[in-house]
Every structure is written in structure tokens, then in C-alpha cells.
Amino acid sequence: MAVRIENRAQTAQDVTVRIRLVDSKKAGAGSRDARQSLAAGGTASVKQVFTVAAPQLWSVDSPQLYRAKSKLLVGGRPTDTWATAFGIRKLEVDAERGLRINGEPVKLKGGLHAP
């Protein structure tokens, strides 16, 4: 997950990007803090990697959504918050069983044949 931040202040700032993942039942699924120094007027992309143990998989029949609750802290105080909804799918492909999404086979229709 990546967050783009901008320092609109006229002085350098040390900031913390805090992201907390919650599942559809609002149970915690992971949390990370990343610290970043930003020059006056500077921007940065802060990347954080999460591993969700035993994720609830999203499908049309079972649209399980997670929420990434993000908070930007300056001097330990929150200055901005936002939330992003997303789903997790498991994709598998091999020559023997083809494409599977969340363990279910998916038949592809159409395609191009290159000469």
C-alpha cells in the first residue's frame, strides 16, 4: 500500500503515516507506522507492506471488504485521516488447471492468436 504525502509548511517536518486494516466485522487485520522526513514544500510516497493471515476473500457472491484507515501525524498529533475500502482475491494459474479465482475455475472466453 502506498500513500503520497505533501508538506505544505515552510519548514521541514517529521511525519508518521499510520495505517490500520480492519475486516468487514471491524476486527483489526494489521497495523503499521512509517516515519518520513519531508523538506518544506516536499512530497514523498510512503510504502507499507501488509500480510493478512487467513484473509476473507472477496467475490461477487460474498463481497468481503477490508478498510485501510490511514492517519497522518505531525508531532504526534493527527493532521489528516482517510479510509480506503478494498477486497482480497486469490489468483492462481497453471497449465494443468488453468485460471482460478478464490479456488474456483474461470473459463476465459475469446482471445487473440498471434501469427
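Anything mentioned here points back to the structure above.
Every chain is numbered independently, its residues counted from 1 as its sequence is written. Residues qualify for local features only when their pLDDT is at least 70, as the model is predicted, and side-chain atom pairs are given and counted only at 80 or more; totals for whole chains, interfaces and linings, by contrast, use all residues. Think of the side-chain values as coming from all heavy atoms in the structure, minus any hydrogens and water.

(A) Summary view of the sheet that holds strand S5 (residues 66-74). Taking strand neighbours across the sheet as the criterion, the four strands line up as S3-S2-S5-S6 in an open arrangement whose pairing is antiparallel. In this open sheet, the two strands that pair with only one neighbour each are strand S3 (28-38) and strand S6 (77-86). Along the sheet, successive strands turn relative to each other by an average axial angle of 15°, direction set aside. Strands qualify as paired when DSSP identifies two bridges or more between them. Counting from the N terminus, the helices are the DSSP runs of H or I reaching at least four residues and the strands are the DSSP runs of E reaching at least two. Direction of pairing for strand S2 (residues 13-22) relative to S5: antiparallel, over a ladder of eight bridges. Residue Val-22 lies in a different strand from S5, and its bridge partner there is Arg-67. Interaxial angles span 0 to 180 degrees and are taken between N-to-C directions of axes, which are lines fitted to C-alpha atoms, for helices over the stretch in contact.

(B) View of the nonpolar core. In terms of nonpolar packing, the biggest core is built from 16 residues, with Ile-5, Val-17, Ile-19 and Leu-21 touching the most fellow members. For this core, the secondary-structure elements that each account for two or more residues are strand S1 (2-6), S2, S3, strand S4 (43-47) and S5. It is S2 that provides the largest number of residues to this core, a total of four residues. Every residue pair with non-hydrogen atoms within 4.5 Å of one another is taken to be in contact. Non-local contacts of Leu-21, meaning those with residues more than four positions away in its chain, are made with Met-1, Ala-27, Gly-28, Ala-29, Gly-30, Phe-50, Val-52, Arg-67, Ala-68 and Phe-86. For the purposes of this section, nonpolar cores are sets of buried Ala, Val, Leu, Ile, Met, Phe, Trp, Tyr and Cys residues that join through side-chain atoms within 4.5 Å. Relative accessible area decides the class of each residue, using a 1.4 Å probe on protein chains only: under 20% of the type maximum gives buried, over 50% gives exposed, and in between gives partly exposed.

(C) View of the packing of aromatic side chains. Stacked, edge-to-face and tilted are the three classes for Phe, Tyr and Trp ring pairs, Trp counted by its six-membered ring, which pair at centre distances within 6.5 Å; planes under 30 degrees apart are stacked, over 60 edge-to-face, the rest tilted. Applying the stated criterion to the full structure yields one aromatic pair. The residue whose ring lies beneath Arg-32 is Phe-50, and the NZ or CZ to ring-centre distance is 5.4 Å. Cation placement over rings: the criterion is NZ of Lys or CZ of Arg within 6 Å of the ring centroid and within 35° of the ring normal.

(D) Focus on the pairing of S6. Note that S5 and S6 share nine bridges and pair antiparallel. Along S6, the bridge assignment pairs Ala-68 with Thr-84. A loop of two residues connects S5 with S6, the two strands running antiparallel in sequence, and Gly-75 in this loop sits at a positive phi of about 65°.

(E) Spotlight on the sheet that holds strand S7 (residues 91-94). Read from one edge of the open sheet, three strands run S7-S8-S9, paired in antiparallel fashion. If you trace the sheet from one side to the other, it starts and ends with S7 and strand S9 (104-105), each paired once. Relative to strand S8 (residues 98-101), S7 runs antiparallel, the two being bridged by four bridges. What sits directly across from Leu-91, in S8, is Ile-101.

(F) Expanded view of the pattern of salt bridges. Whenever a carboxyl oxygen of Asp or Glu lies within 4 Å of a side-chain nitrogen of Lys or Arg, that contact is scored as a salt bridge. Taken as a whole and judged by the stated rule, the model has six salt bridges. Between Asp-94 and Arg-100 there is a salt bridge, with its nearest N and O atoms 3.4 Å apart. Residue classification places Arg-100 among the buried residues on the basis of a relative accessible area of 7%. Counted as one network, the salt bridges with shared partners bring together Lys-90, Glu-92, Asp-94, Arg-97 and Arg-100.

(G) Expanded view of unusual backbone geometry. The backbone of Lys-26 shows a phi angle near 65°, a positive value even though the residue is not glycine. For Lys-26, a relative accessible area of 69% translates into the label exposed. Positive phi is not limited to glycine here, since Ala-54 has a value of about 50°. Take Ala-54: it is sitting in the loop between S4 and S5.

That's the geometry; what it means functionally is another story.
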